[in-house]
Amino acid sequence: MADIKEVSYLEETLIQLRKAYKKLSSNIEDQDQNFKDLQKYMVDYKSELDKFEVYDYQQTLSMIDKQGFAQVREREQVKKLIESPYFGRFDFLYIGDSPDETETFYIGRFGFTDEEGTPLIYDWRAPVCNLYYEFEIGKAHYVAMEQRFEGKLTGKRQIKIENSKLQFVLDSSLTIQDEVLQQTLNQHSNEKMKTIVTSIQREQNRIVRNDSAYNVIIQGVAGSGKTAVALHRLAYFLYKFRDTLKPERIFILSPNKVFGDYISSVLPELGEEPIRSFTLDELTTNLLPAAVTFTPFQEETNVILSDPEGTLATRAKIKGNYSFVEKLQSYLYELDSKLLKDETISIAGTEFSADYLKGRFLQYRKEPVVTRLELMTDDILQVLKAKRNREGKIPSKNEIMKRLKKRLLYTSPLAIYRAFSETLGEGSFIFSKKHFEFNDVYPYLYVQFYFKGIKKYELVQHFVLDECRITPLFNMQYCQRCLVVSGLSLETLARHFCRTKPFQKRGLKTYLLI
């Protein structure tokens, strides 16, 4: 028979949840009506309103809209809590308190307080809830607000609630009893992946809550929960740093749509807004020029697997190892010294020697080639202005740029990549009707980055690369540049998947799932 006290607590919690749901629904209806009334007023009295009044009303409409959106999200969370308010309970006695002062905490997917501000359910990501996942009965502690709180965990229970009905209550000394975990896993074995907040194990919890590690490699066999742990880690960070971390600052890259479909359900289930996720093909489409096409990653992979000794497999194999990355990097480095032809240029009666031009070109070698030419043009204009003859005319910046570009050995990223491919042997690069094979896409984009730069995701704070083991090596090297990773070499991570060498990084947290 279920514990009478647990039944009573559930009934009281459900009463408060339903009351909150009803109040939120009423507020949402009122906000909606206020929004419509103000819109109508602005239309009816448009001719009588000055621009300051219009601005004030627009600001009010925006505020009503934001408040309404927040209340709709909160109502959805309450609705889910009504179905299953919490999944665990633990009792904690703070050091120095008497036994009758033991505090009880119920843990759920979201936090909830009643109208008087009393917490009835604690969000699983709250600092105090680390006690549930991390400790057995006995001495325990948690850290909150940069303070360490010590005490004793006197009780821990696993609770199953479905459709607002209490299914069972189980006292536990460990985080998750084997039979409960097995029941949970079996229940979802034939469904789309769900959240794992009810079954997080101690080791997984430590990965989820570790906020000191910038770069995390999660290794495990298929189905071991790597992706789930990474997503719950993101949800934890979005909760803990909600004032500074926004969903749009998280970037997830995976080889296929399966992962995208998973996060589309998991993160909203955890109360978070959807996060940008890209497959390799989607990211490629965003980065390549619109005029060119490419063979999708999975399609090319299938052809290679069906004919592993074929010409396509041979070309892909050449570009799928670390030596290829080094060859292209070396080629571009050496190209710097000869890309600009050794020619003197005369502009507005002033000669600029080949040595001067090459010196300025190499001075800016950290920049893309096109940017270097722009900086060189600025230098030339400064010289011309300093020597300016009032009767002479200084050419425009565009005119000088055109003259500099004509002195390049190669005038496009494609021309450079073609020349590099010729060093690999005949037939190593197939490009017809503006169509790339996938194995050439990211090496080409790397050259494009070298020549004229490329779109960057500079605001990304968290980067997740799923199925790292099957992600083409050069894609990872390219992501390093695309995501502006400072001090972290992703291709080095690829070479040393399981080594513990520390990686220095500023500002970006990365998770590689292997």
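Residues numbered from 1 in each chain as written. Predicted model: local features only at pLDDT ≥ 70, side-chain atom pairs only at ≥ 80, totals over all residues. Heavy atoms only, no water.

Asks: Talk me through the overall build of the protein chain; I want residue IDs and the actual numbers.
Replies: Broken down by element type, the protein chain carries 18 helices and 17 strands. The contacts of the protein chain with a sequence gap of at least 6 include a subset with a gap of at least 24, amounting to 66%. Looking at the protein chain as shown, the accessible area adds up to about 27900 Å², and 49% of this sits on carbon and sulfur atoms. (Helix = DSSP H or I, 4+ residues; strand = E, 2+ residues; numbered from the N terminus. Contact = heavy atoms within 4.5 Å. Areas by Shrake-Rupley, 256 points an atom, 1.4 Å probe, with all protein chains shown as cover.)

Asks: Could you give an account of the pairing of strand β7 (residues 165–171), naming the residues involved and the relevant values?
Replies: Strand direction decides the pairing type here: strand β6 (residues 147–162) and β7, joined by six bridges, are antiparallel. By the bridge assignment for β7, glutamine 158 is matched with leucine 170. The hairpin formed by β6 and β7 contains two residues between the paired strands, and asparagine 163 there has a positive phi angle of roughly 50°. (Pairing = 2+ DSSP bridges.)

Asks: Lay out the packing of helix α15 (residues 413–422) against helix α16 (residues 438–452) with the relevant residues and their values.
Replies: Packing of α15 against α16 brings their axes to within 9 Å, and their N-to-C directions diverge by 125°. It follows from the interaxial angle that α15 and α16 lie oblique. Here α15 runs over α16; the crossing is right-handed. Of α16, the residues touching α15 (which contributes Pro413, Leu414, Ile416 and Tyr417) are Asp440, Pro443, Tyr444, Val447, Gln448, Tyr450, Phe451 and Lys452. Tallied by class, the residues present in the contact of α15 with α16 amount to nine nonpolar, one polar and two charged. (Axes fitted to C-alpha atoms, helices over the stretch in contact; angles between N-to-C directions. Parallel < 35°, antiparallel > 145°, perpendicular 65-115°, else oblique. Left-handed = near helix turned anticlockwise from the far one by under 90°. Nonpolar A, V, L, I, M, F, W, Y, C, P; charged D, E, K, R; others polar.)

Asks: Describe the pattern of salt bridges, and please don't skip the residues or the numbers.
Replies: Applying the stated rule across the entire model yields 18 salt bridges. Between glutamate 437 and arginine 315 there is a salt bridge, and its shortest N-O distance comes to 2.5 Å. Residue glutamate 437 is located in the loop between β15 (435–436) and α16, and its partner arginine 315 is located in helix α10 (residues 311–318); the two are separated by 122 residues in the primary sequence. (Salt bridge = Lys/Arg side-chain N within 4 Å of Asp/Glu carboxyl O.)

Asks: Outline unusual backbone geometry, supporting the account with residue identities and numerical values.
Replies: For residues besides glycine, phi is generally negative; the peptide bonds are generally trans as well. Of note in the backbone geometry, asparagine 163 takes a positive phi value of approximately 50° without being a glycine. Along the polypeptide, asparagine 163 turns up in the loop between β6 and β7. Even without being a glycine, serine 164 presents a positive backbone phi close to 70°. Of note, serine 164 is situated in the loop between β6 and β7. With a relative accessible area of 13%, serine 164 lands in the buried category. (Buried < 20%, exposed > 50% of the residue type's maximum accessible area, 1.4 Å probe, protein only.)

Asks: Account for the packing of aromatic side chains, with residues named and values stated.
Replies: The relation between two aromatic rings is expressed through the spacing of the ring centres and the mutual angle of the planes. Per the stated rule, a full pass over the model turns up 30 aromatic pairs. Considering the side-chain rings of tyrosine 236 and phenylalanine 237, the 5.8 Å spacing of their centres and the 85° angle between planes classify their relative orientation as edge-to-face. For the pair tyrosine 236 and phenylalanine 237, a shared accessibility class is recorded, and that class is buried. The cationic tip of lysine 156 hangs over the ring face of tyrosine 132; the distance from NZ or CZ to the ring centre is 5.7 Å. (Phe/Tyr/Trp six-rings, centres within 6.5 Å; stacked < 30°, edge-to-face > 60°. Lys NZ or Arg CZ within 6 Å of the ring centre and 35° of its normal.)

Asks: Tell me about the environment of glycine 111, and name the residues and values.
Replies: The residue glycine 111 is located in the loop between β2 (103–108) and β3 (112–113) in this model. Measuring from C-alpha to C-alpha, the distance between glycine 111 and tyrosine 122 comes to 4.4 Å, with 11 residues separating the pair along the chain. Each residue touching glycine 111, except ones within four places of it in the same chain, is listed here: Leu81, Ile121, Tyr122 and Asp123.

Asks: Which residues make up α10, and what are the values?
Replies: Taken residue by residue, α10 has Leu312, Ala313, Arg315 and Ala316 as its buried positions. The buried residues of α10 all sit within an arc of 160° when viewed along its axis, so they share a single face. Looking at α10, the residues exposed on the side facing more than 90 degrees away from the buried face are Thr311 and Lys317. Residues of α10 that are buried sit in contact with α9 (297–306) and α16. (Arc of directions from axis to C-beta.)

Asks: Explain the environment of tryptophan 124 to me, and be specific about the residues and the numbers.
Replies: When you line up the elements, tryptophan 124 lands in the loop between β4 (119–123) and α3 (130–134). When the C-alpha atoms of tryptophan 124 and tyrosine 106 are compared, they prove to be 9.2 Å apart, with 18 residues separating the residues in sequence.

Asks: Outline the sheet that holds β15, supporting the account with residue identities and numerical values.
Replies: Read from one edge to the other, the open sheet built from three strands follows the order β11-β15-β14, with strand pairing classed as mixed. Edge positions in the sheet fall to β11 (293–294) and β14 (431–432), since each of these pairs with one other strand and no more. With two bridges joining them, β11 and β15 adopt parallel strand pairing. Residue threonine 293 lies in a different strand from β15, and its bridge partner there is histidine 435.

Asks: Give a description of the packing of α9 against α10 that names residues and reports values.
Replies: Running from amino to carboxyl end, α9 crosses α10 at an angle of 115°, the nearest separation of the two axes being 8 Å. By the criterion of interaxial angle, the relationship of α9 to α10 is roughly perpendicular. When the axes of α9 and α10 are compared, the crossing they make is left-handed. Counting all contacts with α9, which are made through Glu300, Val303 and Ile304, the residues of α10 involved are Leu312, Ala313 and Ala316.

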